[in-house]
Amino acid sequence: MAEMTPERARLVELTEKSRTSLASLSSMLGRNPSYLQQFVRKGSPRKLEEADRRRLAEFFGVDEVELGADPEFRPSRESGDFVAVPRLALDASAGPGAFSAEEISFDAFRFSRRWLREMGLEGADLTAIRVEGDSMEPTLRSGDEIFVDRHKRAGEGIHVVRIGDALHVKQVQASAPGRITLISANDAYAPIELARDEVEVIGRVVWKGGRI
């Protein structure tokens, strides 16, 4: 058995207080049911990944430091500090579609709150995803990083949508009642019309960045 570090002990305590289980929390993270049990009992992984720790802290309503975050790198509430935007190991396809694996952050961009405020993105629930494919060219090119605001799922605009197990970046437009049309910027791709309940809108694309 691995050494019971303070963050592992705190996780066990919070789990018991919330009347849940390590297995159910692992499933909430999109992980194998034994993921957190192995973290607590065997010390594998040695530290929780940033996205996992953040999600657990939000679930329990505690500071991430209690679950092992380094206080020196924790975003503060003061103006001028930096906010982490998680990058997902998902390719939101702007072409044929890409399989949506576990939505677990593998990295993060860090932006100042001032920059986000200037871009009109303060308070947004942002996730960064890389575009693959050419269906949204020239608006979005393959390899572009896009910021998706999960707070903005209604209305028209460019959105990341899930159809089955595939993510797509498309212009979303309402059509007939109960129907939705997905439009590509590239004329080589025909519009796709689907029933509204066949499409899950993940969020609106609110920023893009890419190599020149």
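The structure this text deals with has already been given above.
Thresholds applied
- Residues numbered from 1 in each chain as written.
- Predicted model: local features only at pLDDT ≥ 70, side-chain atom pairs only at ≥ 80, totals over all residues.
- Heavy atoms only, no water.
- Helix = DSSP H or I, 4+ residues; strand = E, 2+ residues; numbered from the N terminus.
- Buried < 20%, exposed > 50% of the residue type's maximum accessible area, 1.4 Å probe, protein only.
- Contact = heavy atoms within 4.5 Å.
- Areas by Shrake-Rupley, 256 points an atom, 1.4 Å probe, with all protein chains shown as cover.
- Salt bridge = Lys/Arg side-chain N within 4 Å of Asp/Glu carboxyl O.
- Phe/Tyr/Trp six-rings, centres within 6.5 Å; stacked < 30°, edge-to-face > 60°.
- Lys NZ or Arg CZ within 6 Å of the ring centre and 35° of its normal.
- Expected span 1.5 Å × (residues − 1).
- Core = buried A, V, L, I, M, F, W, Y, C linked by side-chain atoms within 4.5 Å.

## Remarks on the overall build of the protein
For the protein, the count of helices and strands is five helices and ten strands. Each of the 212 residues in the protein was classed as buried or not, and the buried ones make up 42%. A separation threshold of at least 6 residues defines the contact pool for the protein, and within that pool the share at least 24 residues apart is 57%. Counting only carbon and sulfur atoms, one obtains 49% of the accessible surface of the protein, whose full area is about 11800 Å².

## Description of the pattern of salt bridges
The final tally for this structure, using the stated rule, is 15 salt bridges. We note a salt bridge from Arg 31 to Glu 49, for which the minimum N-O separation is 3.3 Å. Placement of Arg 31 in the loop between helix H2 (22–28) and helix H3 (35–41) and of Glu 49 in the loop between H3 and helix H4 (50–60) is noted, with a sequence separation of 18 residues between them. We classify Glu 49 as partly exposed; its relative accessible area is 34%. Among the ionic pairs, Arg 179 bridges to Glu 193, the shortest N-O distance being 3.2 Å. With Arg 179 in strand S8 (residues 179–183) and Glu 193 in strand S9 (residues 192–195), this pair connects stretches of sequence that are 14 residues apart.

## Overview of the packing of aromatic side chains
Centre-to-centre distance and the angle between the planes together describe a pair of aromatic rings. Per the stated rule, a full pass over the model turns up eight aromatic pairs. Pairing Phe 111 with Trp 115 gives two aromatic rings, centres 4.7 Å apart and planes at 25°, and the pair type is stacked. With relative accessibility at 17%, the residue Phe 111 sits in the buried group. When the ring of Phe 111 is compared with that of Trp 207, the centres are 5.9 Å apart and the planes differ by 70°; the resulting orientation is edge-to-face. Note that Phe 111 is positioned in strand S3 (residues 105–112) and Trp 207 in strand S10 (residues 200–209), a separation of 96 residues in sequence. Residue Trp 207 is classed as partly exposed on the basis of its relative accessible area, which comes to 23%. An aromatic cluster is defined as three or more aromatic residues linked by ring pairs; in this entry it consists of Phe 109, Phe 111, Trp 115, Phe 147 and Trp 207. Here Arg 8 stacks its cationic end above the ring of Phe 39, 4.8 Å away from the centre of that ring.

## A word on helix H1 (residues 6–17)
Taking 1.5 Å as the rise per residue, H1 with twelve residues should run 16 Å; its terminal C-alpha atoms sit 16 Å apart, in good agreement. Regarding H1, the residues found buried are Glu 7, Arg 8, Arg 10, Leu 11, Val 12, Leu 14 and Thr 15. The inward-facing, buried residues of H1 contact H2, H3 and H4. Count one or two residues on from H1 and you reach Arg 19, which has phi positive near 55°.

## Here's the deal with the nonpolar core
Judged by nonpolar contacts, the single largest core of 16 residues is most densely connected at Leu 11, Leu 36, Val 40, Leu 48, Leu 56, Phe 60 and Leu 67. Of all the secondary-structure elements, those providing two or more residues to this core are H1, H2, H3 and H4. The element that contributes the greatest number of residues to this core is H3, accounting for four residues. With residues up to four places along the chain from it excluded, the contact list for Val 40 reads Met 4, Arg 8, Leu 11, Val 12 and Leu 22. The next biggest cluster of nonpolar side chains, apart from the first, holds twelve residues, and it includes Met 136, Ile 146, Val 169 and Val 205.

## So, H4
For H4, the complete set of buried residues consists of Ala 51, Asp 52, Arg 53, Arg 54, Leu 56, Ala 57 and Phe 60. Gly 61 lies just past H4 and shows a positive phi near 75°.

By themselves, these are just geometric observations and shouldn't be taken as functional.
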